[in-house]
Amino acid sequence: MLVGTHSKIIGRRYRLLEKLGAGGMGVVYSAIDRLNGQTIALKQVTTPSEHLEFRSLDATRTAPRLALANEFKTLATLRHPNIISVLDYGFDEKRQPYFTMDKLEHAETIINAGRHKSFVGQLDLLIQVLQALSYLHRRGILHRDLKPGNVLVEKDQVKVLDFGLSIGRDRAPSGTSGTLAYMAPELLQGGTPSEASDLYALGIIAFELFAGEHPFRNDTPAHLIADILGKTPDVRALNLDPRVTPILERLIAKQPTNRYSDAGEIINAYFEATGRLSHSETEATRESFLQAAQFIGRDAELKQLVGALSGTLTGYGGAWLVAGESGVGKSRLMDELRARALVEGAAVLRGQTTSEGRASYQLWREPLRRLVLLVDLSDLEASAFKPLIPEIGALLNREIPDAPELDPQAAQTRLLSTLTAVVRRLSQPVVFILEDLQWANDESLALLTALSRIAAELPLLIVGNYRDDERPDLPARFPLLNLLKLQPLTPESIAALSESMLGKQGRRPEVLALLS
């Protein structure tokens, strides 16, 4: 237990409260985010990577730091009600990586949560897992480690977590990966992971949920492997609804070609068998496919920004404007850049202007709240930020006096000089991501001008996006910023994106005609 006035603070932002659990790679804490007061979960690698590894059965080793980074990058662009949401990634003072995520206050494994539920209640939990897998698979992501401990339930809502072994379908290596008790037979025989192997793991979870025990001998690895390869569980002995029994039998078939390969197909099969599961797809579930679309058709643009990031990490930054019409993928590109920057050790400060509220320096208020936690400030410097961050005293844990009153122009000059001085003292690379510059007022744009002038000589990358159909004159105001124009997607990219959101029907000509 760490609760107390002197509890540890990670990254100057997260105050650790108590340990929630520990595993082979590290530990998970409950923590308070000092920026917003929310309680979150913080997952951290706590052992030097040279002393820590995890293995699949073929002894393939993956450094825990890389596994944590992979997990964060996978989850950072996912938005689904049945998948855990990650928030931030960083490194502590010993350069041990961590990431933060939503905290589940009273979660149980799917097995424990479903133990006393009716058959229909158990099916509802499984359907939620299938909704998550349908979303992942449509985006080309394989989980590869589905097991009860990675499927938690809170207030009857399922959350799938632990994506340390997840990988893109087109990059999945052959061989074993995951947890042996839920590993598909073909993986033990050197086969390639697939949607069918993820769904097999769910089938084993379903059997365990219905039966109250695992279908195979689990006393030794040898017995377990022998049963996975050679024993067919007797599903009919479970006395399930006879309309559901064939579905479970097909899920855990030994040969992947005899299994389902599409989670949506299983959902439909359950609905047709029972006639009462149509409510399982909520509005949030449907919107998740639209809110975080698969990254398609922007590889060249991302390569340019990643190149700029690489330069920033070596000490030479820059500034970019990303232009495009509404819906062309500007924010999605920013999401990819943000995830990569965080795992490379940069601090990412994100701001946004809205059309509804154009208060002074609105674009910079959130980035500056994060900035003041990254560097030691004098009272004079902190006071210059206080008009934009009234709560700066609470963030810095000391009383901050008001700055001497100046006329508006002099106050802006003071803010600009303070900001540039503070940025010059930062001890780590910094990436500013600034969204919707088409609505930014002159005061906010003045700060952007000041920072862009010094970016090239510092580990500082600034990337702003804007709708060029609403403010085509913006590049002329920022001659030092590199312009990156997002062109409309090609027809094939549109079709692939539509399929990732809508499934196979997304490639139907009438659907594509609406999107073109």
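Being a predicted model, the structure only gives us computed values, none of them experimental.

Attention now moves to the overall build of the protein chain. Tallying secondary structure elements over the protein chain gives 19 helices and 18 strands in all. A burial count over the protein chain gives 55% of its 516 residues as buried. In the protein chain, the share of contacts with a sequence separation of at least 24, taken over all contacts with a separation of at least 6, comes to 65%.

Another point: helix α8 (residues 263-274). Look at α8: 17 Å from first C-alpha to last across twelve residues, which is about the 16 Å you get at 1.5 Å a residue. Among the residues of α8, Ala263, Gly264, Ile266, Ile267, Ala269, Tyr270, Ala273 and Thr274 are the ones counted as buried. Near the N-terminus of α8, the side chain that reaches the backbone nitrogen of Gly264, with its oxygen 2.8 Å away, is that of Asp262. Taken from the residues just after α8, Gly275 is the one with a positive phi, measuring 70°.

Here the focus is the environment of Arg144. Secondary-structure assignment places Arg144 in the loop between β10 (141-142) and β11 (151-154). Measuring from C-alpha to C-alpha, the distance between Arg144 and Ile167 comes to 7.8 Å, with 23 residues separating the pair along the chain. Each residue touching Arg144, except ones within four places of it in the same chain, is listed here: Leu165, Ile167, Pro173, Ser177, Gly178, Pro193 and Asp198. One polar contact links the side chain of Arg144 to the main-chain carbonyl oxygen of Leu165, over a distance of 2.7 Å.

Here the focus is the pairing of strand β8 (residues 97-102). For β8, a buried count of five out of six residues is recorded, marking the element as mostly surrounded by other parts of the structure. In this sheet, β8 lies alongside strand β4 (residues 39-45) in antiparallel orientation, the contact comprising five bridges. Note that in β8 the partner of Ile40 across the bridge is Asp102. Counted along the chain from strand β7 (residues 86-91) to the antiparallel partner β8, the turn is five residues long, and its residue Arg95 has a positive phi close to 65°.

As a further point, take the sheet that holds strand β3 (residues 26-33). Whenever strands of a sheet pair, they do so through backbone hydrogen bonds, lying parallel or antiparallel. The strand order β1-β2-β3-β4-β8-β7 describes an open sheet built from six strands, whose pairing is antiparallel. Both outer strands of the open sheet, β1 (9-10) and β7, are each paired with one neighbouring strand and no more. Sitting on the sheet, helix α1 (residues 64-76) touches β4, β7 and β8, and the angle it makes with β7 is about 150°.

Before going further, it helps to spend a moment on the packing of aromatic side chains. Applying the stated rule across the entire model yields six aromatic pairs. Between the aromatic rings of Phe72 and Tyr89, the centroid separation amounts to 5.2 Å while the plane-to-plane angle is 50°, which identifies the pairing as tilted. Residue Phe72 is located in helix α1, and its partner Tyr89 is located in strand β7; the two are separated by 17 residues in the primary sequence. Accessibility assignment for this pair places Phe72 and Tyr89 in one class, buried. Here the aromatic rings of Phe119 and Phe210 are separated by 5.4 Å at their centres, their planes lie at 40°, and the arrangement is tilted. On the criterion of sequence distance, the pair formed by Phe119 in helix α3 (residues 119-138) and Phe210 in helix α5 (residues 195-211) is long-range, its members being 91 residues apart. Here the aromatic cluster, defined as three or more aromatic residues joined through ring pairs, consists of Phe72, Tyr89, Phe91 and Phe99. In this arrangement the basic side chain of Arg95 is found over the ring face of Phe91, its NZ or CZ atom lying 4.3 Å from the centre. Note that Arg250 overlies the ring of Tyr260, its terminal NZ or CZ placed 3.9 Å from the centroid.

Taken in spatial order, the five strands of this open sheet run β15-β16-β17-β14-β18, and their pairing is parallel. Edge positions in the sheet fall to β15 (347-352) and β18 (482-485), since each has one partner strand and no second. In this sheet, adjacent strand axes meet at a mean angle of 20° when their direction is disregarded. Looking at chain direction, β15 and strand β16 (residues 430-435) are connected through six bridges and run parallel. The residue of β16 that forms the bridge with Arg350 is Ile433.

The next point concerns the pairing of strand β14 (residues 318-324). The element β14 is largely enclosed, with a buried count of seven among its seven residues. On β14, burial covers both faces: Gly318, Trp320, Val322 and Gly324 on one face and Ala319, Leu321 and Ala323 on the other are all buried. Strand direction decides the pairing type here: β14 and strand β17 (residues 460-467), joined by seven bridges, are parallel. In the sheet register, Gly318 faces β17, and the bridge partner there is Leu461.

Along the polypeptide, Thr100 turns up in strand β8. For Thr100, a relative accessible area of 1% gives the class buried.

What describes two packed helices is the angle between their axes and the distance between those same axes. Two numbers describe how helix α10 (residues 299-313) lies on helix α11 (residues 330-343): the axes approach to 10 Å, and their chain directions differ by 35°. The handedness of the crossing between α10 and α11 is right-handed. Counting all contacts with α10, which are made through Glu301, Leu302, Leu305, Val306 and Leu309, the residues of α11 involved are Leu333, Met334, Glu336, Leu337, Arg340 and Ala341. When grouped by side-chain class, the residues that make up the contact of α10 with α11 number eight nonpolar, no polar and three charged.

With that settled, consider the environment of Asn82. Position of Asn82 relative to the elements: it lies in the loop between α1 and β7. Accessibility expressed as a relative area gives 4% for Asn82, which makes it buried. C-alpha separation for the pair Asn82 and Leu161, spaced 79 residues apart in sequence, amounts to 9.0 Å. Ignoring sequence-local partners within four residues, the contact set of Asn82 consists of Gln128, Gln131, Ala132, Gln157, Val158, Lys159 and Val160. Side-chain polar atoms of Asn82 contact the side chain of Gln128, separated by 3.0 Å. Only 3.0 Å separates the side chain of Asn82 from the backbone oxygen of Val158, close enough to count as a polar contact.

Conventions and cut-offs
Residue positions are given per chain, counted from 1 along the sequence in the order it is written. Per-residue local features are limited, in this predicted model, to residues with pLDDT of at least 70; the limit for side-chain atom pairs, both in listing and counting, is 80 or more; totals at the level of whole chains, interfaces and linings are taken over all residues. Hydrogens and water molecules were not included; the side-chain quantities draw on all heavy atoms of the structure. Every helix listed is a DSSP run of H or I at least four residues long, and every strand listed is a run of E at least two residues long, numbered separately from the N terminus. Each residue gets one of three labels from its accessible area relative to the maximum for its type: buried under 20%, exposed over 50%, partly exposed in between, using a 1.4 Å probe on protein chains only. Residue contacts are defined here by distance: any two heavy atoms, one from each residue, within 4.5 Å place the two residues in contact. In this analysis, the expected span of each helix is defined as 1.5 Å times one less than the number of residues it contains. N or O atoms closer than or at 3.5 Å make up a polar contact, with two conditions inside protein: a donor-capable atom paired with an acceptor-capable one, and, for residues adjacent in sequence, both atoms drawn from side chains. At least two bridges found by DSSP between two strands are what make those strands a pair. Angles shown run from 0 to 180 degrees and are taken between the N-to-C directions of axes, each axis being a line fitted to C-alpha atoms and, for helices, limited to the stretch in contact. Each Phe, Tyr or Trp ring, with Trp reduced to its six-membered ring, pairs with another whose centre is within 6.5 Å; inter-plane angles below 30 degrees give stacked pairs, above 60 give edge-to-face pairs, and intermediate values give tilted ones. Here, a charge over a ring means that NZ of Lys or CZ of Arg falls within 6 Å of the ring centre while also lying within 35 degrees of the ring normal. The crossing is said to be left-handed when, going from far helix to near helix, the turn is anticlockwise and less than a right angle, and right-handed when the turn is clockwise. Classification used: nonpolar for Ala, Val, Leu, Ile, Met, Phe, Trp, Tyr, Cys and Pro, charged for Asp, Glu, Lys and Arg, polar for all others including Gly.

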